[in-house]
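Structure assessment
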Amino acid sequence: MHQGTRQRGATQWRDELRPLHNDTFLRACRRQATDYTPLWLMRQAGRYLPEYKATRAKAGSFMGLATNVQYATEVTLQPLDRFPLDAAILFSDILTVPDAMGLGLSFAEGEGPRFAKAVRDEAAVAELAVPDMDKLRYVFDAVTGIRKALNGRVPLIGFSGSPWTLACYMVEGKGSDDYRLVKSLMYSRPDLMHRILAVNADSVAAYLNAQIDAGAQAVMVFDSWGGVLADGAFQEFSLAYTKRVLAQLQRTGADGQDVPRIVFTKGGGIWLPDMKDLDCEVLGLDWTANLGQARAIVGGQAGGPGKALQGNIDPNVLFAPPEAIAAQVRSVLDSFGTPHTDRTTTGPTHIFNLGHGISQFTPPEHVAALVEAVHSHSRAQRQR
């Protein structure tokens, strides 16, 4: 997408956008004091909701859902109609970018995503290029449609997979248990892997910038498989290319506001010292990390630089009874510690989330218990 097209779109948007009724999530991203700890859930629009299953049945397939603006908007709003969540996240998939590169994405029922073409040799790597963003127009139209439908209710998060995570699927051709093919290529032909990752990084940056222009108010990079890498390999093949994405992201959204950037590396808690200086506002953590320790490493002090933290309850907690869920919520909030409350300056802040995506088998009433516990206990923390 050309810069001129982006600027025209941004100008049009400024005339239509409504001010936010609930900006708690964005305030926490910016390390500003909030009245309570905001929360949203990874995969909050999804198969655990019966209304999602009904909409997906109408759409006929996952991609039928993701490529239809009306359906994508409908399922994005469904969890917000049930629960008082503090942010919406675009309904899409991390693999739309390699699909636009011509790899042929499909979803078989019960099998997960797969590509018709895998990228495993010099010829396949040589063919890779940053895709024409117009091939992903359906995503940007969905962002705009969702932003309009939200009408200022809560902020909208856009997202992409990280360059490394996309490469895992592109080389393996589908999900993997052992990452044998992608790691074999990485160790035997690091030159080819670096070429894949460079194209992916530039593609992800263009993709996220187009989402920002379409109305996304924060963007998230899902480095879902960064944690499968060895120490050293993570820094070279994942973190370096996440940095390349972040360096290219525009900092102002369609409404003229800054756009916080979130980086989530599943299994990445051990590398927080390496991520401390990433050019982003928020670091996501899975359930293996201790929030208090993470805060000490990257959270910073009041009035100084630092990262907001996002996470990190185990999604399987949601299969426990509501009283056990509430106890685990209190444990996570208490592990972060006393929240930042000084409204005259910035300081360490926390956004509550799961440590990974919500399971499709989760009872919706247990999500309601989680949300209530987060909001009530985090308010009580601030009264102490």
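Our structure's up above, just so we're on the same page.
Below is a summary of the structure that appears in this document. Every value quoted in this text rests on a predicted model; they were computed, and no experiment measured them.

The subject of this paragraph is the overall build of the protein. A count of helical and extended segments in the protein gives 16 helices and 9 strands. Its C-alpha atoms give the protein a radius of gyration of 20 Å, within 12% of the compact-globule value 21 Å for 384 residues. Projecting the C-alpha coordinates of the protein onto the three principal axes gives extents of approximately 60 × 45 × 40 Å. With 384 residues in all, the protein has 57% of them scored as buried. A sequence separation of at least 24 residues applies to 77% of the contacts in the protein between residues at least 6 apart. Total accessible area on the protein stands at roughly 15200 Å², and carbon and sulfur atoms take up 48% of it.

Applying the stated rule across the entire model yields 14 salt bridges. Where Lys-58 meets Glu-74, a salt bridge forms, and the shortest distance between an N and an O atom there is 3.7 Å. Of the two residues, Lys-58 is situated in helix α3 (residues 50-59) and Glu-74 in helix α5 (residues 69-82); the sequence distance between them amounts to 16 residues. For the salt bridge of Arg-137 with Asp-134, the shortest nitrogen-to-oxygen distance reads 3.3 Å. It is possible to trace a salt-bridge network through shared partners that takes in Arg-251, Arg-261, Asp-279 and Glu-281.

Take the packing of aromatic side chains next. Enumeration over the complete set of coordinates arrives at 8 aromatic pairs. Here Phe-234 and Trp-271 contribute two aromatic rings whose centre-to-centre distance is 4.0 Å and whose plane-to-plane angle is 5°, an arrangement assigned as stacked. In this pair, Phe-234 sits in helix α12 (residues 233-248) while Trp-271 sits in the loop between β6 (261-265) and α13 (272-275), placing the two residues 37 residues apart along the sequence. Judged by its relative accessible area of 0%, Phe-234 falls in the buried class. With a relative accessible area of 3%, Trp-271 lands in the buried category. Members of the aromatic cluster, each reached through a chain of ring pairs, are Tyr-52, Phe-62, Phe-91 and Phe-107. A cation sits over an aromatic face here: Arg-295 above Phe-336, 4.5 Å from the ring centre.

Conventions used here
- Residues numbered from 1 in each chain as written.
- Predicted model: local features only at pLDDT ≥ 70, side-chain atom pairs only at ≥ 80, totals over all residues.
- Heavy atoms only, no water.
- Helix = DSSP H or I, 4+ residues; strand = E, 2+ residues; numbered from the N terminus.
- Rg over C-alpha atoms; globule rule 2.2 N^0.38 Å.
- Buried < 20%, exposed > 50% of the residue type's maximum accessible area, 1.4 Å probe, protein only.
- Contact = heavy atoms within 4.5 Å.
- Areas by Shrake-Rupley, 256 points an atom, 1.4 Å probe, with all protein chains shown as cover.
- Salt bridge = Lys/Arg side-chain N within 4 Å of Asp/Glu carboxyl O.
- Phe/Tyr/Trp six-rings, centres within 6.5 Å; stacked < 30°, edge-to-face > 60°.
- Lys NZ or Arg CZ within 6 Å of the ring centre and 35° of its normal.

The quantities given are spatial measurements derived from coordinates; they are silent on function.
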